[in-house]
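The primary structure of each chain is shown beneath.
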Amino acid sequence: MVKLNRIYTRTGDKGTTALADGQRRSKADLRVETYGTVDETNACIGLARLHAEPRLDAMLAAIQNDLFDLGADLATPPTPEPLPYEPLRVVAAQVKRLEDDIDALNGVIPPLKSFVLPGGSPAAAALHLARTVCRRAERLAVQLAASEAVSGEALQYLNRLSDFLFVASRAANRNGADDVLWVPGQNR
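Parameters at a glance
In this numbering scheme, every chain counts its residues from 1 along its sequence in written order. The predicted nature of this model means local features are confined to residues of pLDDT at least 70 and side-chain atom pairs, given and counted, to a pLDDT of 80 or more, with totals for whole chains, interfaces and linings taken over all residues. Side-chain measures were taken over the full set of non-hydrogen atoms in the model, leaving aside hydrogen atoms and water. UniProt positions are given in the numbering used here, feature names are shortened, and annotations may be inferred rather than shown by experiment. Here a helix means four or more residues in a row that DSSP labels H or I, a strand means two or more in a row labelled E, and each is numbered from the N terminus. Buried means the residue's accessible area, taken with a 1.4 Å probe over protein chains only, is under 20% of the maximum for its type, while exposed means over 50%, and partly exposed covers the values in between. By the convention used here, residues are in contact when the closest approach between their heavy atoms is within 4.5 Å. Per-residue accessibility takes into account occlusion by the displayed protein chains alone, with areas from the Shrake-Rupley method and a 1.4 Å probe. Here a Phe, Tyr or Trp ring, Trp counted by its six-membered ring, pairs with any other such ring whose centre lies within 6.5 Å, and the pair is stacked when the planes are under 30 degrees apart, edge-to-face when over 60, and tilted otherwise. Helix axes are fitted to C-alpha atoms over the stretch in contact, other axes to C-alpha atoms as well, and angles between N-to-C directions run from 0 to 180 degrees. Every angle not falling under 35 degrees, over 145, or within 65 to 115 is termed oblique; those three ranges are roughly parallel, roughly antiparallel and roughly perpendicular. Left-handed describes a crossing whose near helix is turned anticlockwise from the far helix by less than a right angle; the clockwise case is right-handed. We call Asp, Glu, Lys and Arg charged. Ala, Val, Leu, Ile, Met, Phe, Trp, Tyr, Cys and Pro are nonpolar, and the rest, Gly among them, are polar. Each helix should span, by expectation, one fewer than its residue count multiplied by 1.5 Å.

An unreviewed UniProt entry lists the chain under the name Corrinoid adenosyltransferase, from Methylobacterium gregans. Recorded in UniProt for the chain, the comment headed Subcellular location (unreviewed entry) runs: "Cytoplasm". For the chain, the Pathway (unreviewed entry) comment in UniProt is given as "Cofactor biosynthesis; adenosylcobalamin biosynthesis; adenosylcobalamin from cob(II)yrinate a,c-diamide: step 2/7."

Caption draft 1: Expanded view of the overall build of the chain. Summing up its helical and strand segments, the chain has five helices and four strands in all. Starting at the N terminus and ending at the C terminus, the chain contains elements arranged as β-β-α-α-α-β-α-α-β. In terms of overall dimensions, the chain has a C-alpha envelope of 55 × 40 × 35 Å along the principal axes. Within the chain, the fraction of its 188 residues that count as buried is 39%. Considering only contacts within the chain whose residues lie at least 6 apart along the sequence, 72% involve residues at least 24 apart. For the chain, the computed accessible surface area is about 10700 Å², with 57% contributed by carbon and sulfur atoms.

Caption draft 2: How the structure looks around the packing of aromatic side chains. One pass over the structure, following the stated rule, counts one aromatic pair. Consider the rings of Phe-115 and Trp-182, whose centres lie 5.7 Å apart with planes at 45 degrees: the pair is tilted. Within this pair, whereas Phe-115 is found in the loop between α3 (92–106) and β3 (116–117), its partner Trp-182 is found in the segment after β4 (180–181), the two being separated by 67 residues in sequence. Taking relative accessible area as the criterion, Phe-115 reaches 60% and is therefore assigned exposed.

Caption draft 3: How the structure looks around the packing of helix α1 (residues 30–49) against helix α2 (residues 54–74). Contact pair α1 / α2: the axes reach a minimum separation of 9 Å and the direction vectors enclose 170 degrees. It follows that α1 is roughly antiparallel to α2 by the angle criterion. Of the two elements, α1 crosses α2, and the hand of that crossing is left-handed. Listed contacts from α2 to Arg-31, Thr-34, Tyr-35, Val-38, Thr-41, Asn-42, Ile-45, Gly-46 and Arg-49 of α1 are Asp-57, Leu-60, Ala-61, Ile-63, Gln-64, Leu-67, Phe-68, Leu-70, Gly-71 and Leu-74. For the contact of α1 with α2, the per-class residue count stands at ten nonpolar, six polar and three charged.

Caption draft 4: Summary view of α1. Spanning 20 residues, α1 covers 29 Å between terminal C-alpha atoms, matching the ideal 28 Å at 1.5 Å per step. Along α1, the positions that sit buried rather than exposed are Arg-31, Val-32, Thr-34, Tyr-35, Thr-37, Val-38, Thr-41, Asn-42, Cys-44, Ile-45 and Ala-48.

Caption draft 5: Broad picture of unusual backbone geometry. Phi is positive for Arg-174, which is not a glycine, with a value near 50 degrees. Mapped onto the elements, Arg-174 comes out in the loop between α5 (152–172) and β4. Backbone geometry at Asn-175 places phi at a positive 55 degrees, although glycine is not the residue there. Looking at the secondary structure, you find Asn-175 in the loop between α5 and β4.

Quick look at the structure:
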């Protein structure tokens, strides 16, 4: 369990931070950038929750907790030798729950006939922001996976989460009734 009784440590004053296994990395390191962007996604979801109805809020609350799991997963690179503790990893059941939530929300939303512009209700706008930040986290995780080990479940979770956030934005727009649709070439 985490215990934080002192917020500043001065250990990062020279531009480095510690991963969960204790190794020091630059704060500009791709792994740090990746889990930092997951944290940004979480903050955007927190903003969306201020406007969400109770059922969607409960789904988003579970996701916020999952995103801390994902951050811990990404902050603990796999090592050939065992760590003195069991590292926290995203698991397939968390991805499956996202899929189930997507299906539950999307089941009552009419199919799209155009792309959706970010907007509509305050909840939908915040969810679109969370979706775009999540997509950035996913791109960073894919880039990281090209040079360092990243779990498949972590990548799957980010991919499903951006899908969830899109469907959730439509749900927050009265199941698509208040979606703002793209009109190609409208302002030519």
